[in-house]
Structures are given as C-alpha cells and as structure tokens.
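Structure assessment
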Amino acid sequence: MSGKQGCFMEKDQQNPIPTQEIPTEFLPENVKVNSPEDEQLYTHLLKANEPRQSFAEQGFVFTPSPKGDENGVDLDDDSLYYNTQGSAKEYWAAHGPLPAPTKDLRQLRNDFREFGYCLIEEAFSKEQLSTIRTRVVEQAAGERLAGVGFHYAGGAGTGKTTHATQFVTSLANKGACFRGFMEHDPAVVQAGPLIEQLLNETVGPDFIITSFISIIASQGGHPQSLHQDSGALQTETPLLCNHLVFLDDVDYFNGGTMIVPRSHKILFQSGNHRPVKQLPPAISLEAKAGTLMMMDGHTLHGTGINQTEKPRHILVMACIKPWMRTQELFPFSLDPEVLANASLKLLKRLCFIGNGIGGIEGHGQEPGILRGMRQAMDAGNYVRIGGLSPSSSKEELSRDYTWRSTTTGWRASMNQPERRYPPEKLWESDDPLEQTPVDERHKVLQESTTRR
Ligand SMILES: [Fe+2]
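What comes next is a walk through the structure. (Residues numbered from 1 in each chain as written. Predicted model: local features only at pLDDT ≥ 70, side-chain atom pairs only at ≥ 80, totals over all residues.)

The next thing to look at is the sheet that holds strand β9 (residues 283-284). Reading across from one edge, β9-β8-β11 is the order of the three strands in this open sheet, with antiparallel pairing throughout. Here the strands that pair on one side only, and so sit at the sheet edges, are β9 and β11 (301-302). Of the pairings in the sheet, the one linking strand β8 (residues 258-259) to β11 comprises two bridges and is antiparallel in character. Directly across from M258, in β11, lies its bridge partner G302. (Pairing = 2+ DSSP bridges. Helix = DSSP H or I, 4+ residues; strand = E, 2+ residues; numbered from the N terminus.)

Rendered as structure tokens:
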C-alpha cells in the first residue's frame, strides 16, 4: 500500500499545526496490515521466552505444592528443586568434587571457570566480620523501627504474603564499612586484592556496581525461583560477577543459597533464545560465616528456605559491565555527604564518571566526573540547556548554563565562532576533581583503572 493521504492535526485553537501529508505507509493501520507475525524480524525468538521457559519446564520455578504448607512449600518431595538433600546430593557426590572454600587463587579460578562460582575462605577476618555483621543487624532493626523495612512479599502464587525476608538496600549510604567493601579495602575485607583480581579477569577492570544490599531470610518464607542475575543473554565471559558474603554459617537448613553448578556453561552451549539443554540438580551451599562466594552472573541460583528460628544474613554486591543499566541509580540516591567524600575509585564504581555512557547533557562522552553536576542540582543551581533558536533572547543565549563549566563545555568553549554573547557568569564546581586539568584527569582515570 502506498500513496499519500491528507492529514490535519491541530495542537490547539491558537496554534494549529499546518496541514501536512503523511505517506500512507506510515499510518498506524497500514503498519499493522504490513506486520503479520510470520514476517516479523525476531519476534518468534523474543516470544520463545528462553531461557525462562526451559527453567520452568525443568522444574526450577517455584510453584506452590497442594501438599505443601501455607506457603505451598513441600519439604518431603525429593523431585522439587529446593529439596537438595536427597537425590540431588547423590548426583553431585558422583559428579563432583564441587568447590570448597579456599584461599588458593589458582583453585578459585579453576572452580569459577568449571562450576560458575568459587568460595573464598576467610575473606573477612573475625573482627571484620563482626563489624560489618553488626552494622547490618542494627541497620535492619532501625529500618523496621522507622517503618521503612523493605520486606519481600513471599508466597508468590499462594495468594498469601509473608514477611520472612528483609532487604536492606543502598548500603553505600549506611556505613563506612559498606563503602570500604565497595572499594575492596583490605581494612574492611582482607581478601580485597584477590577479589579485585578476579573481577578484573571476569567482568573486566572497568566494572561498575549494580547494587549492594543485604538479604535477611527468616523462617516462614518460600524458596526463590532459580534465575540468572545477568539476564537472558548468554556469553562466554561474565557480564556480571556477584559477591555473596555469608555473615552467618549457611547450609540447607537456614536457607543457604541454592546453585546449579556448571549451569553457566550449559546455558552458553544452549545458545541465546533457544531451549536449554538438561541442567543438573541444584545444591545448597554450605560455608562458614566470613566466606565470600564469587559467582558468574550466568549461573543459575536462588535463595533457599530458612527452616530455623535464627535469621540468616548475607550481603550481595554485583559488578557489571560499564555499559549495562544498574539496579540502583547511585547518581540519584547517593547521600550528599558520602558523595562529597567519595574517592575516585568509588565514584567510578558508582557511575559518577561518564565514559561514553551515563553522561549528563553530553558531558561524559569523554571521561568526565559528574559529581559537581549532581552537587549543583542538590543546591538548586543547575541550569539545563532548553530550546534555543536564532530568535532566542539575549538572556536565553547568555544564560549561565551549567554545561558551560563542565570539562566538555570548557573544551568546547574554545571553538564557538558564532557565539553572540559571552556568558555572564560561569558556574564553578567546588569539586577539586572537576577543576583538575584535563590531562591530569586522564592520568588519574588511567591510574584508577589499573590500580589494584
Ligand atoms: Fe540472584
């Protein structure tokens, strides 16, 4: 179908949009006629809903059991994915040995490559563990008392909700020990340098943090459906690498994380948007408090059921490729005082350094530090560039646009042959990093990338 059809749209009585002709090919009804599903590009692959469909067919998605408890949990049926102590344990006894906690970097690499995870033994010293665990417990209690406790509404599919699991989010704002962990500071986490090395080898040295939270699982919940943290795209190298810090001893009985060893490889071999080859059964992790698990984001996993009376505390921090979207929008949520005192390393990990992606008004196409812009917004001083034209007023053309004072704007200011008016007053960031000469910034950024 082709040709032109007259079209008149009216914005309002005072400002009518002129009559214009839109080619008939662009009309919604004709777009629909020309889009039968069997002619569409990749719709059939998108609709395949893989690998989720395979996870459901292979029994890794929680569905309430009619014979189960009030949450639909049936601990007697050995065929259910979350009952890992029977045939699943026997399977892995014959197909292991599975990773055990170790400090040996070469063993950790082998475990990560082969099974999709590794366990770093005593990643935290006893004192470090006590400090960070105490902070989590106190913060969680405080949030409950303030009425801002974030409880996961468990019991999916049962029509009931439970409050068995508490999430404590945005830990960057809630304690120096958490910020130290985000920087892998050995004073906070003694295995920090080894962890950074593994991150550099997996997601790469430019990683950013997608979120950092604590998950506290108490009695009465239901098992999480197994999932991949990095989403549905299967790649040979990790897109995401997760840290799970066990703040209590964990095992099957208190909701130790369930994981399907080698699933990262099987999923990659199965391909994208295709049915997944048969996966082996899940195991429940067993580890002492202070152990840190590093996990490829492709590895299938989920939280187990806490059957004990004591809450089970873990920390979860995932690092991703710098071009991925983060779970937490740190440039919005980071506390101003934390932001003011953040190191370059922390700024980089929390997306305050634009590097082609994640900039503001184009500032960030080259490495640019965005802290000053966020501070200008906090102070109500940020001036955005809006609609301009040759008929714009002097006031509009000479306005104190914040962009003028960024590294990008400052560089661009040296070549503005058509500028009609000099800007009256430049906004000045009080961020010392923002005022560092550009060459120096590049040098510092380079150093921060390679710093161990
Ligand atoms: Fe997860």
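Back to the write-up after that little detour.
On to the environment of E122, then. Tracing the backbone through its elements, the reader meets E122 in the loop between β3 (117-120) and α6 (126-145). With 18 C-beta atoms packed within 10 Å, E122 lands in the partly exposed category. As a C-alpha pair, E122 and K288 span 166 residues in sequence and 8.3 Å in three-dimensional space. Apart from the residues lying within four places of it in its own chain, the contact partners of E122 are K103 and G290. (Buried ≥ 20, exposed ≤ 12 C-beta atoms within 10 Å, placed from the backbone. Contact = placed C-beta atoms within 7 Å.)

What you see with β3 is no split at all: Y117 and L119 on one side and C118 and I120 on the other are buried throughout. In this structure, β3 lies alongside strand β10 (residues 292-296), joined through four bridges in antiparallel fashion. Opposite I120, over in β10, you have L292 as the bridge partner.

What is shown is where atoms sit, not what they do.
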